[in-house]
Amino acid sequence: MSWEANVRKVVPYVPGEQPKIKNIIKLNTNENPYSPSPLVYKAYQETDLDDYRKYPDPTCSELVDSIAEFYGVKKENVFVGVGSDDVLSMAFLTFFNSDKPILFPDITYSFYDVWADLYRIPYRQIPLKDDFTIDPLDYYSENGGIVIANPNAPTGVKMPLSEIEDVIRNNKDVVVIVDEAYVDFGAESALPLIDKYDNLLVVRTYSKSRSLAGLRIGYAFGCEKLIGYLLDAKFSFNSYTMNMPALKLGAAAMKDREYFEKTVAKVVATRENFKASLKELGFEFADSATNFVFARHPGKPGKEIFEYLRANGIIVRRFDKPRISEYLRISIGTDEEMDKLVSVLKEFL
Ligand SMILES: *Cc1c(COP(=O)(O)O)cnc(C)c1O
């Protein structure tokens with residue numbers, strides 16, 4: 001028998017490309033087009049490299065406190081990790097430990113099935129409705145846990161909080177994870193429900209609305225007991241997941257509410273203008289509550305549009321998967337970037 005028989009085999013998640021080419025318009029991984037808060041620059045300039053001799057604070061207290069303060073929760077309700085990918089992965093490992101399948105939509109963040117495979121968690125993917133919405137009734141069957149992205153990715157479609165609550169209320173014997181990576185751009189957060197339901201974990205990230213994808217910071221909210229179980233798993237895995245710069249700069253970013261609100265509002269305004277331009281060009285798309293639009297053109301194959309844009313220095317994302325292969329997921333950049341994209345699209349169509 002070969003050693004390969006005992007390898008934990010998995011087909012990995014494939015992240016969007018980070019091209020080395022200069023002068024490209026990069027609209028493929030939903031990063032924020034605006035710089036991080038000036039308070040982050042200040043904290044960066046004040047860092048002392050000599051501190052790095054030491055281990056970082058394993059409790060991440062400066063970062064956790066800044067998040068607890070921003071959202072008006074107790075620090076016992078907050079968990080942090082190396083991007084929300086780390087937080088979600090740790091949550092899958094901690095909470096999805098049943099023989100029954102966990103449930104998530106067929107079209108959603110394509111890391112969920114990868115973690116389920118990696119951790120040998122059985123799962124069932126539930127088809128979105130034709131308009132890409134989620135029917136809460138589909139999540140009433142017996143299961144080992146639920147994960148829903150709200151707004152969903154890559155569709156951009158949001159679910160009303162009343163329907164999210166319906167799913168949580170009807171699944172009190174399992175943990176329900178709500179992945180709110182894009183919530184700041186236009187959906188209602190489930191955060192106020194953590195006091196009402198002890199089976200709810202709300203997951204957030206610095207990567208999109210806080211312009212810090214490169215620093216890798218994610219966080220989650222839940223009742224104290226739920227967060228306690230997550231911490232136990234995390235401290236059994238790696239005590240020092242978060243490095244010193246992430247802890248310090250992340251806390252600085254969280255303190256600048258005004259800058260955060262201003263940049264989010266700019267992205268939302270650009271998105272609304274971009275939607276109008278796309279409509280004029282004949283694109284079809286479900287309404288987006290995120291910092292991207294998921295659109296197709298009835299007259300042109302998605303692959304051709306994708307390649308034409310790329311040839312013209314504009315990178316967007318396309319998923320070669322059932323139901324969505326004609327769609328392009330286009331991140332919202334600056335007004336100038338979106339104007340350029342629209343003019344290239346006009347040439348092509
Ligand atoms: C971007 C994204 C994440 C992961 O973000 P991190 O950079 O790891 O914080 C998680 N869920 C969804 C739906 C995302 O789009």
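What counts as what
- Residues numbered from 1 in each chain as written.
- Predicted model: local features only at pLDDT ≥ 70, side-chain atom pairs only at ≥ 80, totals over all residues.
- Heavy atoms only, no water.
- Helix = DSSP H or I, 4+ residues; strand = E, 2+ residues; numbered from the N terminus.
- Expected span 1.5 Å × (residues − 1).
- Buried < 20%, exposed > 50% of the residue type's maximum accessible area, 1.4 Å probe, protein only.
- Arc of directions from axis to C-beta.
- Contact = heavy atoms within 4.5 Å.
- Pairing = 2+ DSSP bridges.
- Core = buried A, V, L, I, M, F, W, Y, C linked by side-chain atoms within 4.5 Å.
- Near = heavy atom within 4 Å.
- Polar contact = N/O pair within 3.5 Å; in protein donor to acceptor, adjacent residues only side chain to side chain.
- Areas by Shrake-Rupley, 256 points an atom, 1.4 Å probe, with all protein chains shown as cover.
- 1 Å grid on protein atoms, 1.4 Å probe; cavity = no way out; pocket = protein on both sides within 12 Å on 5 of 7 lines; lining within 4 Å.
- Sits in = over half its atoms within 2 Å of the grid points.
- Nonpolar A, V, L, I, M, F, W, Y, C, P; charged D, E, K, R; others polar.

(A) Up close: helix 10 (residues 335-348). When the terminal C-alpha atoms of helix 10 are compared, their 20 Å separation across 14 residues agrees well with the 20 Å that a helix rising 1.5 Å per residue should span. Among the residues making up helix 10, those that are buried are Met 338, Leu 341, Val 342, Val 344, Leu 345 and Phe 348. What you see down the axis of helix 10 is that its buried residues fit within an arc of 165°, all on one side. Exposed side chains of helix 10 directed beyond 90 degrees from the buried face belong to Glu 336, Asp 339, Lys 346 and Glu 347. Against helix 8 (257-280), helix 9 (302-311), strand 11 (314-315) and strand 12 (328-331) lie the buried residues of helix 10.

(B) Spatial organisation of the sheet that holds strand 10 (residues 292-296). The strand order across the open sheet built from 3 strands is 9-10-12, with neighbouring strands paired in antiparallel fashion. Each end of this open sheet is capped by a strand with a single partner; those strands are strand 9 (284-285) and strand 12. Relative to strand 10, strand 9 is paired through 2 bridges, and the arrangement is antiparallel. Looking at the pairing, Phe 285 lines up with Ala 295 of strand 10.

(C) Region of the structure containing the environment of Ile 217. Mapped onto the elements of the fold, Ile 217 is located in the loop between strand 7 (200-205) and strand 8 (218-221). Here Ile 217 falls in the buried class, since its relative accessible area comes to 0%.

(D) How the structure looks around the nonpolar core. Ile 67 and Phe 221 are the most contacted members of the largest nonpolar core, which has 85 residues in total. Contact partners of Phe 221, with chain neighbours within four places excluded, come to Ile 67, Tyr 71, Val 73, Asn 77, Val 78, Leu 191, Ile 194, Leu 200, Leu 201, Val 202, Arg 204 and Ile 227. Counting residues in each nonpolar core, the second largest holds 31 residues, with Tyr 13, Tyr 109, Tyr 119 and Val 147 among its members.

(E) Summary view of the site of the ligand. In the vicinity of the ligand, the contacting residues are Gly 83, Ser 84, Asp 85, Leu 88, Tyr 109, Asp 179, Ala 181, Tyr 182, Thr 205, Ser 207, Lys 208 and Arg 216. The contact in question runs from a nitrogen atom of the ligand to an N or O atom on the side chain of Asp 179, over 2.7 Å. In this structure, Arg 216 approaches the ligand through a side-chain N or O atom, which is 2.7 Å from an oxygen atom. Relative to its unbound accessible surface of 380 Å², the ligand loses 93% to contact with the protein. Cavity membership is defined here by more than half of the atoms lying within 2 Å of grid points; on that basis the ligand lies in the largest pocket. For the shell around the ligand, the residue count by class is 4 nonpolar, 4 polar and 4 charged.

(F) Fine view of the environment of Ser 35. Along the polypeptide, Ser 35 turns up in the loop between strand 1 (25-26) and helix 1 (38-45). Overall, Ser 35 belongs to the partly exposed group, its relative accessible area being 40%. Residues Ser 35 and Met 338, 303 residues apart in the sequence, show an inter-C-alpha distance of 17 Å. When sequence neighbours within four positions are dropped, the list of residues in contact with Ser 35 reads Tyr 41, Ser 211 and Tyr 259.

(G) Just unusual backbone geometry, in detail. Omega for the bond connecting Asn 150 with Pro 151 falls within 30 degrees of zero, at -5°, which places this linkage in the cis form. With respect to the helices and strands, Pro 151 occurs in the loop between strand 5 (145-149) and helix 5 (161-169). Phi at Asn 30 is positive, roughly 60°, even though this residue is not glycine. With respect to the helices and strands, the residue Asn 30 is situated in the loop between strand 1 and helix 1. With a relative accessible area of 1%, Asn 30 lands in the buried category. A positive phi angle, close to 55°, is found at Cys 60, a residue other than glycine. Here Cys 60 lies in the loop between helix 1 and helix 2 (61-71).

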